[in-house]
Amino acid sequence: MQDKVKLSVRSLVEYVYKSGSIETGFRSALSLSEGTRVHQRIQKRYGEDDQKEVHLLADLFYGNLEFTLEGRCDGLLHRNNERIIDEIKSVSRPITDINEDTYPVHWAQAKCYAFMYARDHHLKRMTVQLTYVQSDTNEEKRFRQSFSYEKLEHFIQELLKSYAPYAEMRMLHKKDMMKSIRELGFPFPNYRKGQRKFAGAVYKTIAEGKSLYANAPTGIGKTISALFPAIKAIGEGEIQRIFYLTAKTITRQAAEEAIKLLEQCGLNHKTVTITAKDKICFKEETNCQKEYCEFANGYYDRINGAILDLLANENLIDRKTIEKYALKHRVCPFEFSLDAAYAGDAIIGDYNYIFDPRVSLKRFIEEEKKKTVLLVDEAHNLVDRAREMYSSSLDKSSFLQLSRNFKGMDEGIQQSAKRVNQVFIELRKKCGERQAIVEKDYPDELLQGLQEFAVCAEKYLFLNKHVAEFELLDTYFAVQSFIRIRQLYDERFVTYIQRQRNDIRIKLFCLDPSYLLQRAGKGLKSTIFFSATLKPLNYFKDMLGFSKDDYTLSIPSPFSKDQTEVYIQPLSTRFHDRGESIEPIIKTIKDMLKGNKGNFLIFFPSYQYMEEVYRRFLDENLHIRTIIQRPGMEEGEREDFLAAFIPNAEETLLGFAVMGGIFSEGVDLQGDRLNGVFVVGVGLPQIGLERDIMKNYFHKQEKNGYDYAYTYPGMNKVLQAGGRLIRSENDTGIIVLIDDRYLHTKYQALLPEEWKDFTVLKR
């Protein structure tokens, strides 16, 4: 009996031809909506007998495999007795740069459709047409070739021959994986308090194809509680792939550890971790031009062999594994991880690989998305991250500099940059003496100039691939991002123009990302948003795109109130009172640490405030060892900071850190490694232009604008910082909340239940 493989035309040709090129230093990526508009414009000109979006299906055999090949061609044209497959492609590069042989993958795709149609209709010959449309200028160029049925059939067989080793490997792996999942048990003897409830809710949500918003506290083992039922859902045929999305590297490592534990229990499963390009790049500078990087040069000649080698020998494909095989096969490690991800049963990576319109993984087709679940860990971080993903800004200085640099070198870039710079000059005049102006609409006069600049810059970059024009490349990317975000612009956005000394910045600022997050998840089987601090739940439901059919879950902490002694020191830490608060804060620290040995962390709302208290604390000459978080700490420095928190310490250690920073989330200092946490302030974001714009926007939406812009994001930082203390049922310690606002009803309502039995300290 032959094994059946369901396969899209696009997946087949992209595997064999590896469309695109990283050797130019960038991949041209048009938005889906732009591509759709181009297709529709061409299709509207079709004749009465022509057809568009024609679904095609063919059952094919190669070796021991039976392939069901499926696809949808853009157009089927009827010209006299001739049948023509029309494949429409939107391109951002100049149309003059495209010739008949520029994109072999496009011919391959169209020839597959031609074969499938000819086979169904018993035709001896088919014509294939490629229609290219330049996205900015709407210029068109067409190429045609005619093929006999025999040649098309031979072509398809050659494609399947190239794809078959990969398909066979994936087929054998799937059989082994499904068997291992069916036999897989929960990796611990018993469920923790609340753990079974969360795991059950995850499975039910996936099975019903809905979304879940879960406040799952530290201590229940939320990582394994999300992954285990999702993997079981693969075994039951509910889904085929898991995306485990996080905001921070340390959370990704927790997911890898959970998968490793399940592997030790018998799981056979391919898990791929995607690491950011600048972190995993082998070169000193991240420059993907083939003249500079030997790992980019000839990448597509070596990648299929590298993928087959990797999948044949590895299951947990983390950063070290990717680097090992990338060096072995001399391929770019970042691009290698992306290509490996398409073969993964689980993918661990940053939020942006799904939600960011500029960098998301685009090659997953709709059928695959319907069998995919997103597990969004530390989902409280996604709100601000999404605002960042769906916003874009440009500075005047970039275009002024380029217009000077390219004078006499490239007239197109020089003139287009000059025109954009002139628009910025007009915007500066519009600001007058004001530091910033906020407008509901986007200045359309800027768009044409940016589009002209993008066309000229792309043409130059294609023709001068060997020249390292980093400033041009960076500005080109920024412009493409700006144009792409402009296509998303609606009533949930504002535009602000801000003076910055001699410069001017314009920003398309996304205020409410909920709709775009919801749209990014459309077509997926299920999404699970979970965090230990998804509070208040109604706020996060509002910001993350909750629908009326979705589920919510709030699990009480499994820890006893007796494990934590909570104190409130009612000082004012408001900005104008910070100078006067320093001595009382130091006194509070001394009083609480008097006679206590152990390890403590104190969190501040800003570096400046932290450093002022730190300097004054050192002046006290106490016999207390101190360490302090510095801006931009390297990975080794972070590890050294955490390594200082040793169990059973003979001297007291006090670590100074910043709320919302690298040590306030995802840090797991269990047992005697951490004995207490001080939190200074209520975590409010610094008052500024963007937060005030958000406040006013949500106020107009009949919500509490101040809470949405300041209170809720701030208290989330407090909960995360305080949450470093109790990580297991054996941990104990103190939490000291230093701010008089903690005695207000609103703030007390936002505290966890186990913190509400507090003692008020005397000043």
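Residues numbered from 1 in each chain as written. Predicted model: local features only at pLDDT ≥ 70, side-chain atom pairs only at ≥ 80, totals over all residues. Heavy atoms only, no water.

**As for the nonpolar core**
Thinking step 1. Within the largest apolar cluster, 182 residues are counted, with the highest numbers of intra-cluster contacts made by Phe336, Phe355, Tyr390, Leu450 and Leu737.
Thinking step 2. If we skip the residues at most four places from it in the chain, Leu737 touches Val566, Tyr567, Ile568, Gln569, Val679, Val718, Tyr742, Leu751 and Trp755.
Thinking step 3. Listed in part, the 38 residues of the second largest apolar core include Ile231, Phe530, Leu553 and Ile555. (Core = buried A, V, L, I, M, F, W, Y, C linked by side-chain atoms within 4.5 Å. Buried < 20%, exposed > 50% of the residue type's maximum accessible area, 1.4 Å probe, protein only. Contact = heavy atoms within 4.5 Å.)

**Details of the sheet that holds strand β15 (residues 493–500)**
Thinking step 1. Spatial ordering of the open sheet is given by β13-β16-β15-β14, a layout of 4 strands whose pairing is antiparallel. If you trace the sheet from one side to the other, it starts and ends with β13 (392–395) and β14 (436–439), each paired once. Geometrically, the sheet is characterised by an average inter-axis angle of 15° between neighbouring strands, direction not taken into account.
Thinking step 2. The pairing of β14 with β15 spans 4 bridges and is antiparallel. In the sheet register, Val438 faces β15, and the bridge partner there is Tyr496.
Thinking step 3. Against the sheet, helix α15 (residues 396–405) touches β13 and β16 (503–510), its axis set at about 45° to β13.
Thinking step 4. Across the sheet, helix α24 (residues 689–700) lies against β14, β15 and β16, angled at about 155° from β15, the strand it touches most. (Pairing = 2+ DSSP bridges. Helix = DSSP H or I, 4+ residues; strand = E, 2+ residues; numbered from the N terminus. Axes fitted to C-alpha atoms, helices over the stretch in contact; angles between N-to-C directions.)

**Thoughts on α15**
Owing to its 3.6 residues per turn, the α-helix brings residues three or four apart onto one side.
Thinking step 1. Where α15 is concerned, the buried positions are Lys396, Phe399, Leu402 and Ser403. One face of α15 carries all of its buried residues, which in axial projection span an arc of 135°.
Thinking step 2. Packing partners of the buried residues in α15 comprise β13, α16 (411–431), α17 (444–463), α18 (470–486) and β16. (Arc of directions from axis to C-beta.)

**Comments concerning the pattern of salt bridges**
Working definition: two side chains of opposite charge can pair if their charged atoms are close together.
Thinking step 1. In this structure the tally under the stated criterion is 38 salt bridges.
Thinking step 2. Among the salt bridges present, the one from Asp542 reaches Lys703, with a minimum N-O distance of 3.6 Å. Linking Asp542 in helix α20 (residues 537–544) with Lys703 in the loop between α24 and α25 (705–722), this pair joins segments that are 161 residues apart in sequence.
Thinking step 3. Three or more residues joined by partner-sharing salt bridges are found here, namely Arg45, Glu140 and Arg142. (Salt bridge = Lys/Arg side-chain N within 4 Å of Asp/Glu carboxyl O.)

**Re helix α9 (residues 299–313)**
Thinking step 1. In a regular helix each residue adds 1.5 Å, so 15 residues correspond to 21 Å; α9 covers 21 Å between its end C-alpha atoms and thus fits that length.
Thinking step 2. Among the residues of α9, Tyr299, Ile303, Asn304, Ala306, Ile307, Asp309, Leu310 and Leu311 are the ones counted as buried.
Thinking step 3. For α9, the secondary structure elements touched by its buried residues are α1 (9–17), α4 (149–183), β10 (316–317), α10 (319–329) and α11 (333–341). (Expected span 1.5 Å × (residues − 1).)

**Let's talk about the sheet that holds strand β21 (residues 625–628)**
Thinking step 1. Strands sit in the order β21-β22-β20-β23-β24-β19-β25 across an open sheet of 7 strands; the sheet is parallel. Lying at the two open borders of the sheet, with one neighbouring strand each, are β21 and β25 (758–760). For this sheet, the mean inter-axis angle between neighbouring strands, taken without regard to orientation, is 20°.
Thinking step 2. The pairing of strand β20 (residues 599–604) with strand β22 (residues 653–658) spans 6 bridges and is classified as parallel. Its bridge partner being in β22, Phe600 is matched across the sheet by Leu654.
Thinking step 3. Helix-sheet contacts for helix α22 (residues 607–619) involve β20, β21, β22 and β23 (676–680), and the interaxial angle to β22 is about 155°.
Thinking step 4. Relative to β23, α25 is tilted by about 165°, and along the sheet it contacts β20, β23 and β24 (733–738).

**Notes on the side chain of Lys89**
Thinking step 1. Locating Lys89 in the fold gives a position in strand β4 (residues 82–91).
Thinking step 2. Owing to a relative accessible area of 16%, Lys89 belongs among the buried residues under this scheme.

**A short note on the environment of His699**
Thinking step 1. Its location among the elements puts His699 in helix α24.
Thinking step 2. Taking the relative accessible area as the measure of exposure, His699 reaches 57% and is therefore exposed.
Thinking step 3. Sequence-wise, His699 and Ala709 are 10 residues apart; in three dimensions their C-alpha atoms are separated by 9.9 Å.

**Some thoughts on the side chain of Asp345**
Thinking step 1. Structurally, Asp345 can be placed in the loop between α11 and β11 (346–350).
Thinking step 2. The class for Asp345 is buried, based on a relative accessible area of 2%.
Thinking step 3. Of the polar contacts made by the side chain of Asp345, one reaches the side chain of His173; its length is 2.7 Å.
Thinking step 4. Asp345 has contacts with Arg170, His173, Met177, Ile234, Gln240, Arg241, Ile242, His269 and Lys270, leaving out every residue within four places of it along the chain. (Polar contact = N/O pair within 3.5 Å; in protein donor to acceptor, adjacent residues only side chain to side chain.)

**Description of the domain arrangement of the chain**
Thinking step 1. When cut into domains, the chain gives domain 1 (3–166), domain 2 (390–513) and domain 3 (561–760).
Thinking step 2. When each unit is reduced to the centre of its C-alpha atoms, the spacing between domain 2 and domain 3 is 40 Å.
Thinking step 3. Each side of the interface is counted separately: domain 2 has 11 residues, and domain 3 has 6 residues.
Thinking step 4. For the pair domain 2 and domain 3, the summed buried surface comes to about 740 Å²; carbon and sulfur atoms form 75% of the total.
Thinking step 5. Together, Tyr496, Phe509 and Leu511 form the three largest contributors to the area buried by domain 2 at its contact with domain 3, with a combined 57%.
Thinking step 6. The interface formed by domain 2 and domain 3 contains 1 salt bridge.
Thinking step 7. Between Lys507 and Glu690 there is a salt bridge, with the nearest N and O atoms lying 2.7 Å from each other.
Thinking step 8. The interface formed by domain 2 and domain 3 contains 2 residue pairs in polar contact (both at pLDDT 80 or more).
Thinking step 9. Put simply, the parts of the chain that give the side of domain 2 that touches domain 3 at least two residues each are β14, β15 and β16.
Thinking step 10. Broken down by element, the side of domain 2 that touches domain 3 gets its largest block of residues, 3 residues, from β15.
Thinking step 11. When grouped by side-chain class, the residues that make up the side of domain 2 that touches domain 3 number 6 nonpolar, 1 polar and 4 charged. (Domains from an automatic or database assignment. Buried area = accessible area lost by both parts, 1.4 Å probe. Nonpolar A, V, L, I, M, F, W, Y, C, P; charged D, E, K, R; others polar.)

**Re the state of the cysteines**
Thinking step 1. Counted under the stated rule, the structure contains 0 disulfides.
Thinking step 2. Free of any disulfide, Cys73 has its nearest cysteine sulfur in Cys112, 12 Å distant.
Thinking step 3. Given a relative accessible area of 1%, Cys73 falls into the buried group. (Disulfide = S-S within 2.5 Å.)

**Quick notes on the packing of aromatic side chains**
Thinking step 1. On inspection of all chains with the given rule, the structure shows 38 aromatic pairs.
Thinking step 2. Seen from their ring centres, Tyr213 and Phe529 are 4.8 Å apart, and the 25° between their planes marks the pair as stacked. Remark: Phe529 occurs in strand β17 (residues 526–531) and Tyr213 occurs in strand β7 (residues 211–215); sequence separation between them is 316 residues. By the burial criterion, Tyr213 is buried, and Phe529 matches it.
Thinking step 3. Centre to centre, the rings of Tyr496 and Phe509 are 6.1 Å apart; their planes meet at 80°, and the pair counts as edge-to-face. A residue pair is termed long-range when its members are at least 10 positions apart, and Tyr496 in strand β15 and Phe509 in strand β16 qualify at 13 residues. (Phe/Tyr/Trp six-rings, centres within 6.5 Å; stacked < 30°, edge-to-face > 60°.)

**Structural notes on the packing of α10 against α11**
A pair of packed helices is characterised by two quantities: the angle between their axes and the separation of those axes.
Thinking step 1. At a minimum axis distance of 9 Å, the contact between α10 and α11 shows a crossing angle of 110°. Viewed along their axes, α10 and α11 adopt a mutual orientation that is roughly perpendicular. Taken as a pair, α10 and α11 cross one another with a handedness that is right-handed. Residues Ile322, Tyr325 and Ala326 of α10 lie in contact with α11, whose contacting residues are Pro333, Phe336 and Ser337.
Thinking step 2. The residue inventory of the contact of α10 with α11, partitioned by class, reads 5 nonpolar, 1 polar and no charged. (Parallel < 35°, antiparallel > 145°, perpendicular 65-115°, else oblique. Left-handed = near helix turned anticlockwise from the far one by under 90°.)

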